[in-house]
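# Report on the structure
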Amino acid sequence: MQLASAVRLVTMPPIEGQPPVPLGPPQGGAGTMPLSTLIDFIIQRTYHELMVLSELLPRKTDMERKIEIVQFASRTRQLFVRLLALVKWANNAGKVDKCGAISAFLDKQAMLFVETADMLARMAQETRMSARLPSFSLPCAIDVLTTGTYPRLPACIKERIVPPDPITAQEKRDILLRLNQIIQYRLVTSDLPPQMKNLKIDNGRVKFLVDREFEVTLTLMGDGSTIPWRLLDIDILVEDHETGDGKALVHTLQINYIHQLIQSRLLDNDKPLHDLYNCLHSFCQSLQLEVLHSQAQRLKSQRLGDNIMVEAYEPGKALVLSYWRYLSRPDNKSDTASVYKLTIQVDQKEPGRPLQVTHIPEITGKESYKVAQAIKTEQLSVEKLLVQTIQVRSEAKLKELEKDLKKFAGGQCELRHIPPVLYVPVLQPSMSTEKLLISIDIQKGVFLTHIPQYGNKCKLAEEIEETINNAGNEYYLHSYLHKWMTLLRIWLSLKRCERSSRHLPVTITNKIPLIRTKGHPVTELGPHRLYLKLDKHNNFFVIVDITEAKGKQVEKRYYLLETEPCTFEPIEDEVTDDIPMAYLKPKNVVKFDTFSITHGPFSKVYDIDIDEHEGVHAKERKRKLLLGDLDGPAPKRPKVPWYCIPELTHIIAMCEERIPFISLGDELLKRGFSHQGVQVDGDGTCIAMTILDFPSGGDVDAEVSDILKNDLLACTFRIQGKAPRSWLAELVFSNYPLQSANPKENGPVHRVYCSYDLSQGPEAAQKVVQDFQDDWSTLGHLYKAVVEFAAVYKDPGNSLQTMIEVKSFSYKKLILGYGQNKTNTVTVQWDNGQNTFHLSLGTSGQTTSSNCHTLVITQLQADLNKHKSIAQLCQVLVETWSPLTAMSRLPTNAILGLSAQHMKPSPSFTLLPQSTTHIRISFRNTYCIDIHCRGNKMVAIRDGAYSLFDTSKVVEGLTPIQGLKAFLNLFVDENVIASHSRRRSTTEDDNPPSPIGMDTMETFMAQPQNMGSPAKKDVIGHSSSPAAAFPLASPPSLQGITPSPLMSNPSPANLLGVNSPGNPQLHVPSPGSFVPVPSPSSLGMHLPSPATSFISPQSMVDGGSPYPGNLVAPSPGARNWPGSPSVQGPSPASRYGTAMSPSHTALHSPPTYGRETMISHHSRMLPHRSWAASIPTLLSHEALNKLMTSAPMPGVNPGMGFLACCALERFLGCVYLRRHLQRVVGSEEALHHVQSTEPGVILFRSECLQFRVTLNPTTLQMLHMKVTPTIEYKDQWSMDELQVIERLFEIKVACPPYKGNALTAFGRLLGAPVRLLKDCIQLIRLELIPDRTLKWSIQWCLTSSPGSPPITPPGTPALIIGNKKMFFMLQLTRMTSNLPGGSESPTVVAPLLYDMQKNETSVVENRSVAGQLTPPLIAISTMLKRYAEYGPTSGECSLFPAIRELLANMVVP
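The text that follows walks through the structure, step by step, so that each part is easy to find. (Residues numbered from 1 in each chain as written. Predicted model: local features only at pLDDT ≥ 70, side-chain atom pairs only at ≥ 80, totals over all residues. Heavy atoms only, no water.)

Here we come to the packing of helix α15 (residues 646–670) against helix α17 (residues 764–793). Across the interface, α15 lies against α17 with an axial gap of 9 Å and an inter-helix angle of 55°. It follows from the interaxial angle that α15 and α17 lie oblique. The chirality of how α15 crosses α17 is right-handed. Every residue of α17 that contacts α15 at S663, L664, E667 and L668 is listed here: A765, Q766, V768 and V769. Partitioned by chemical class, the residues of the contact of α15 with α17 number 5 nonpolar, 2 polar and 1 charged. (Axes fitted to C-alpha atoms, helices over the stretch in contact; angles between N-to-C directions. Helix = DSSP H or I, 4+ residues; strand = E, 2+ residues; numbered from the N terminus. Parallel < 35°, antiparallel > 145°, perpendicular 65-115°, else oblique. Left-handed = near helix turned anticlockwise from the far one by under 90°. Contact = heavy atoms within 4.5 Å. Nonpolar A, V, L, I, M, F, W, Y, C, P; charged D, E, K, R; others polar.)

Another aspect to go through is helix α30 (residues 1300–1310). For α30, a buried count of 10 out of 11 residues is recorded, marking the element as mostly surrounded by other parts of the structure. Of the residues making up α30, those classed as buried are G1300, N1301, A1302, L1303, T1304, A1305, F1306, G1307, L1309 and L1310. (Buried < 20%, exposed > 50% of the residue type's maximum accessible area, 1.4 Å probe, protein only.)

The 5 strands are arranged β13-β14-β15-β16-β17 in an open sheet whose pairing can be described as antiparallel. Edge positions in the sheet fall to β13 (506–509) and β17 (583–591), since each of these pairs with one other strand and no more. Shown here is a sheet whose adjacent strand axes are inclined to one another by a mean of 30°, direction ignored. Across 4 bridges, β13 lies against strand β14 (residues 529–534) in antiparallel orientation. (Pairing = 2+ DSSP bridges.)

Right, let's get into the nonpolar core. One finds F789, L1187, W1340 and I1420 to be the most contacted residues of the largest nonpolar core, which totals 170 residues. Broken down by element, this core gets its largest block of residues, 13 residues, from α17. Of all hydrophobic cores here, the second largest spans 89 residues; its members include V291, L427, V446 and L488. (Core = buried A, V, L, I, M, F, W, Y, C linked by side-chain atoms within 4.5 Å.)

Let us now look at α15. In this model, α15 (25 residues) spans 37 Å end to end at C-alpha, consistent with the 36 Å of a helix rising 1.5 Å per residue. Listed in full, the buried residues belonging to α15 are L648, I651, I652, C655, E656, I659, P660, F661, L664, G665, E667 and L668. One or two steps after α15, the chain reaches G672, where phi turns positive at roughly 95°. (Expected span 1.5 Å × (residues − 1).)

Structure below.
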């Protein structure tokens, strides 16, 4: 926008460093300019003024800064107001603009006419008269055309246009060297100021340096003597890093002004260098004073406040500061009140000298020199000057105070550190942290007292500080110092006592709620005392009483105070329980003799106060005098801190040790124990109390207690440990009853240690004595059982020592080793709390398995507490070790897909102990096997699904095991059991044992109801044969008694609560429940045991009735149960005689029988009967171990890759799959049952095939399938295809781990349509016989795994056919031989769906799971879609071609 000519420019001063604003020729007319340019000029000017203010304001005072800011705001406001008015006026000046434009146009036209006339006249008169046509320059043309150059250029043009050649480097060096010589000559002949002697000449320049002031650079412009100096550069060295954020103190404009001023004075001056120094020196000193003044102002406003004051400031002359203003206040009562001032000024006599410092009061000598050096440092600092001044004055004040404190200090005072600190020792000897530290407050100048160890906790230090600062005269100071220093010495001694006992088990306090009793010794103690409450003995206190002694020392006295809780006022005894005891009543006060306590009978006396300046011979002589020259030279005294008081710690330790023994001794006497009192044990190692006699009585037999007392050599109580401490009772026994394998226990004496908690409280001693009595009772109970066991163990007539090893007997526990290499251990202990024996099982040495008896530890412990015989326990452990070891090898891990409950993993085997010798084994919660351990390394096995009362009935929830009897007979060792067999009737295999008769119900109900594990045996009379009570018959219907399928007590002995191992009025098929433990008689031990007749060799039977003779009654006569077969042949009871009671003498020795009593065993084939397995089968331990140990499948190539499992698992798995196959056939519509006349054979058929599944008759451990086509489809099937189905059944279905869901999937596959089934067979052939020409190998997944895509739950059948579709899973594995070591081939599990109507195969995707399709599955899906689009369109099934195309060409990204 153009303004009218009437608009005048806003007048502004020129800005430094910018060219002046061009005013013509005007752009829009005469006297006009653009508004944007005007606004730019105004903004630039405002910005320039702001920058100048930002650099200059930090150096000015607060008032000056405010004035400058107000002036700047006023100027800027007026300028912008005028601009605003101009803009408003210009918006309404349209007519003026038009007139101005017309006037300017006319003026321009007139000027053009005038200039035209003038130019024409000048050409006619001047130019035209001299105009000539020059002649042609032929030489120049020839040069240019021939040489290409123009050498004839006129000199005037050449000099003005062509630059001259630059000088060379050598010429430069010569010129500068010559210039250095000229400058040196001028300096020699000139008069230099003495302060400018520090100079340097280089590169034609001379540089003068004045420390801490300035640095200038000069040169000369010629070699004439009258040529003046030329000033090149000025550098001001006065710095202040805190002012202006580290920027230079002098602005560039100021430097330029000084530069012009000094340069003007260097002209026509006789002494130009003197004038230069005076000018710069005065400027630098003024600048230094200004810097110090600004620092003082900042120090006052930010940190020191009123403690410092700027008394006067004359710019360029002097600065006066006052400090320690507190001492000059009217309220200061000290006689040292004065005004402390510091003056920094310019020397008026010699202006050339640096700034001078003067002090009020005056400081002279070396101290004055130290203060003066503070201002001559590289960095100018008024704070450093003040600190140095205060440092000097503080040292002077502390030295004066030291003279007064020498009379009351405990040693030599020391003045150290910066700022100075006076160290005043109070005690002698004293630590540095215990000394009284006196310093000067830097800001106020007053004395400060401090004890580093205690800080503000010491109020006496504050009293001393107030006394020193307010002392009016010397007498007042000395009198109060004596008082406070004495109290401080006592207070520090009390604190030393606190520190010495801080880490000891005491509670430190200055006061306790003690009731004052007239005439009591505690009232006579001094006022300065300390109470140390023993934490473990609440009613005892150690009192430390401290008083003043001569020679600036203190005296300590120690007392032991015994108190009792009480109330403030005496009350009646009836209400004492309801009122809290908040006060203490003093009872006894005992003063300690420090010397006798610390110098006991076992302490050595050493003189620790030997003078350091005493000679070596004097020390040796005194040591010999004290020691009697008996123990050689004295050891060096241990170095301990001075605050530690050894006698106090010794007193506390002595009280801690002796008070518990006193309480213990009183309690022992109350309980009837005799002891020797508190004595020093050994050579002063500890304090002990020896028991002399034990009281009679208790729950231990008197005879056993007397034997233990006679064998006890010593019983001593000691205190052991530091934190926490405990009682240690040591019992020393002789006559060790049992030799163990531990060599430490085979000495002449045996030590038993019992530890008890050393707690506090009035009942602590009672608890310790009671626990000791309980431990004595524990030793007695175990000792009694061990003595009985030792009598049997040491008997040479038995072989117990060869089977059991005594590893350790410590009177508290007995550790026995048994099994192979004695690696299994059992620990027998007596639990006094439950008044029973407690067993712990473990292993020792090199073994790969855990203790097998962990399964029956509860039953073992119950039996031991019933018969109290360790020998009988050993017999059970030895005879059951091998069977339980074999059973422990059975797999109990949970596996997915074993049964229809596919969502939860289930175990294959579950071990259910019924007693110590009776174990039930459950297989997949379907089948159950009862195993009874018998003597002579035999076990009896039966089918646990049959009821013990009626073998024609099955326990609810269980299924009989078909073929179990035949399977077990494969493992029967005829040579081992031949001697234990009796004649078996021809009808025993066909008829089950007779159950209980109906007429015995009243007898059952008459028995005492004692439920649980095998009950205690209490045989009354001498007849235990059930034949005398009732004949055998079928079981009655028992009301209210329903045995559990697995864990309930199937034995009537447990169910009906009998009192003997075999109910004398009851006969049951299973003898195991009547035999809780074997009898040691089989090992030759002469122990009375009611189980002797059960586990004797003559009672071992096979087949038929496996029960002892004294439990089998003769065949009944006319009272047979309807339908119950009779028992043919003589009764076993008639062969072996009648049973005898446990008290009969015949049981004390092993029975002997002649050869005529043994019936030869004839081997024959057993008929297939459903109840045949209910009859126990006898197996040897070796056969059982073989039955339950993992081994390769017989008759199968080991390279087939089957999981290793035992024969029992293979048999039960086959039986389970055979039973499950019937369910699968019944549930599938495409499969149909076919009646079979062969036992154990399953026949079924599909649309085109017929299947026959049988169990291997030789091993009974494998299922075989025979596939034949029907008559209609005989020509459509090849033998190879049928063999593929049979092979798949054997290696993937009827194999470990025998998954039922895998069989379900296989059954669904067999029911597929013919065309689809043939393609599936082709895929299965690729799995059985891999094609090496393909990239991928294939495996058919019958069940889904946890790692497969989340289509179906893990463990479920992975094959579903329905709605003209088939869902299945395939596992593809990359076939390659170039894999690095330790890596596996890539594998992918593909869930596929084949649509029979569309004849297409696709990948199944679970849309509810995000990100299910992985890159391999995406590649498979893409290839299958491409094949479905471009593949063959014939009527044949496309499943196999699509999968084969996938195996041949799939590439996983």
